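Coordinate inspection notes
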Amino acid sequence: MTQPPVIGVIGVGYVGLVSAACFAELGNHVICRDIIPEKIERLRDGHVPIYEPGLSDLVVKNRQRLTFTTEIRDVTEQAGIIFVCVNTPPMYSGDADLTFVEAVIAELPDDIGDVVLAMKSTVPVGTGERMQALLDARGLSHVRYVSNPEFLKEGDAITDFMHPDRVVIGGTDDVAIDRLAQLHAPLETRIVRTDVATAEMIKAASNAFLATKISFINEIANVCEETGADVTAVAEGMGLDRRIGRHFLNAGIGFGGSCFGKDVSALKQLAGNSGYHFQILNSVMEVNELQKRRLVAKLGKHLGSLRDKKIALLGLAFKPGTDDMREAASLIVASRLLAEGAIVRAHDPVASEVARPLLRGVEIHDDVLEMLEGVDAAVLITEWPQYAELDLVHVAKIMRTPVLIDGRNLFAPELAERAGLTYEGIGRPGAVVGNPRRREQDGAASASTEA
Ligand code: NAD
Ligand code: UGA
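Predicted model, so just to flag it, every value in this text is computed and none were measured.

1. Side note on a negative patch on the surface
Together, D366, D367, E370 and E373 make up a negatively charged patch on the protein surface. Along the chain, E373 falls in the loop between helix 15 (368-372) and strand 12 (377-380). Accessibility expressed as a relative area gives 46% for E373, which makes it partly exposed.

Rendered as structure tokens:
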């Protein structure tokens, strides 16, 4: 039986560590390199530095097959396939910053052997060409460069990695593509073989499309609020059409996280730099920003001035199932509320410690009920399932003013209102303020009472 190839992973963040643990689970030996020594030391001790469901267990279970190092040579001397999983943050201009990706090419030893270098980091179209030029300039043309974008999402990263909808491999080197395809064979998924630029664009377009879907449903939600329709039912009805699909039609306070904002902006910049004005993407980002402003406006409708009002934020992470605070909506909402003079409290089941240094001026509570005691309003920011278990009758009793703004449509409006809360979601008829149908109903009710 042939031995599975040794895998190298450069950059042990969300993508790198999940990929490493999953490839190890599939039976490969994986050598992981990062430039942060403390991260590597913690991983050697079996401590996973991020919260991702199942990841700790997988790392511990496969510790015999996982090696952690800060030395690039440890990777290049043993691995036949090396995945680049370093960060590609946005620059002030909105373009992707490729400094970390380029540094990897610069660090490859001159005597590196016959390896496949697979780019998993999300990079703009044209990066592969640039990487190939850098490799050629260094006399490393034998390094087999391929684009292999990653589509996992945080909170479900292991399931997504192990059961991908597709694996995209872009390149011109058939040997390299075959080696990668063989590595992914146990995943029993569709392998999309294409050229590097197309693979890069599949990734950029996928994220931009998902972000567009979210902004689209958020605009529908905003129109629902004006017309009395219920966006959650609208999404169900739309989603039944297989051409549309139900995924990523959850209206709320907009997308956060390290990728959608950065990747939409990078695609917009890429298009602009090549002379094309990508119109939709401007709106996608604008709608996403306004969605958070609307949330704060909803509080104002119920409470009037927010000065000295106590507001409790339920959830801080950019989505449930993670402690990732990158571009989390909570950061924007909290700072807006502080700017309005509110007293802001917050709770998150997992992300509190990561959030604390980012949220100066916000009281972070470990106990959700303690946080809710005496507040003027609660705002659901992250739809952690444990918040759905809250006893809303009790919550209504302990709040000073029982106003619940549900930024993710987690709660059933009728239940919240029956519990004694003034409830307002996103694009749902439960909204008392700003919903004409509801206003008419309320008007009719008070008219009949008067009569
Ligand atoms: P991250 O910031 O969590 O991890 C990146 C890691 O790379 C860090 O630990 C950093 O120290 C390390 N690093 C930087 N330069 C290095 C070098 N020269 N050698 C070794 N390590 C180095 O980032 P992430 O969220 O894992 O994202 C990585 C890439 O994958 C990005 O391009 C991102 O857009 C893309 N991506 C992310 C996700 C996600 O859900 N987070 C999903 C798909 C794709
Ligand atoms: C996203 C993509 O889903 C992944 O396919 C991709 O690999 C990844 O970006 C990336 O390139 O980094 P991620 O950001 O981890 O994954 O998480 P998502 O589940 O996509 O959520 C992103 C944001 O959109 C969250 O703030 C979430 O609350 C929001 N969202 C998501 C909505 O507002 N509505 C929805 O219907 C879905």
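Having put the structure on the table, let's press on.
2. Side note on the state of the cysteines
Applying the stated criterion to the full structure yields zero disulfides. You can see C22 has no disulfide; the closest cysteine sulfur is in C85, sitting 11 Å from it. For C22, a relative accessible area of 0% gives the class buried.

3. Some details on the site of ligand 2
The local shell around ligand 2 holds 20 residues, among which F151, L152, K203, C259 and K319 are the closest. One of the side-chain nitrogen or oxygen atoms of N207 is found 2.8 Å away from an oxygen atom of ligand 2. The protein chains hide 91% of the 700 Å² of surface that ligand 2 would expose on its own. Those elements that place two or more of their residues in the shell around ligand 2 are helix 9 (196-227) and helix 11 (260-273). Among the elements that line the shell around ligand 2, the one with the most residues is helix 9, at three residues.

4. Description of the side chain of N62
Within the secondary structure, N62 sits in the loop between helix 3 (55-61) and strand 3 (66-69). For N62, a relative accessible area of 2% gives the class buried. Ignoring any residue separated from it by four or fewer positions in sequence, one finds N62 in contact with A21, A24 and E25.

5. Topic: the pairing of strand 8 (residues 191-194)
Here strand 7 (residues 167-170) pairs with strand 8 via four bridges, running parallel. Counted as the bridge partner of I169 is R193 from strand 8. Viewed along the sheet, the connection from strand 7 through helix 8 (residues 174-184) into strand 8 turns out right-handed.

6. Section: the domain arrangement of the protein
What the domain assignment reports for the protein is domain 1 (7-194) and domain 2 (286-442). Between domain 1 and domain 2, the contact holds 10 residues from the first and 10 residues from the second. Counting each side, the surface lost to burial between domain 1 and domain 2 is near 630 Å², with a carbon and sulfur contribution of 44%. The largest share of the area that domain 1 buries against domain 2 comes from Y14, Y51 and E154, three residues that together contribute 80% of it.

What counts, and where the lines are drawn
- Residues numbered from 1 in each chain as written.
- Chains lettered and ligands numbered in written order.
- Predicted model: local features only at pLDDT ≥ 70, side-chain atom pairs only at ≥ 80, totals over all residues.
- Heavy atoms only, no water.
- Patch = residues over 30% accessible without salt bridge, like charges linked within 9 Å, V, L, I, M, F, W, Y side chains within 5 Å.
- Areas by Shrake-Rupley, 256 points an atom, 1.4 Å probe, with all protein chains shown as cover.
- Salt bridge = Lys/Arg side-chain N within 4 Å of Asp/Glu carboxyl O.
- Lys, Arg positive; Asp, Glu negative; His and termini not counted.
- Charge placed at Lys NZ, Arg CZ, Asp CG, Glu CD.
- Helix = DSSP H or I, 4+ residues; strand = E, 2+ residues; numbered from the N terminus.
- Buried < 20%, exposed > 50% of the residue type's maximum accessible area, 1.4 Å probe, protein only.
- Disulfide = S-S within 2.5 Å.
- Near = heavy atom within 4 Å.
- Polar contact = N/O pair within 3.5 Å; in protein donor to acceptor, adjacent residues only side chain to side chain.
- Contact = heavy atoms within 4.5 Å.
- Pairing = 2+ DSSP bridges.
- Right-handed = clockwise from strand over helix to strand, strands pointing away.
- Domains from an automatic or database assignment.
- Buried area = accessible area lost by both parts, 1.4 Å probe.

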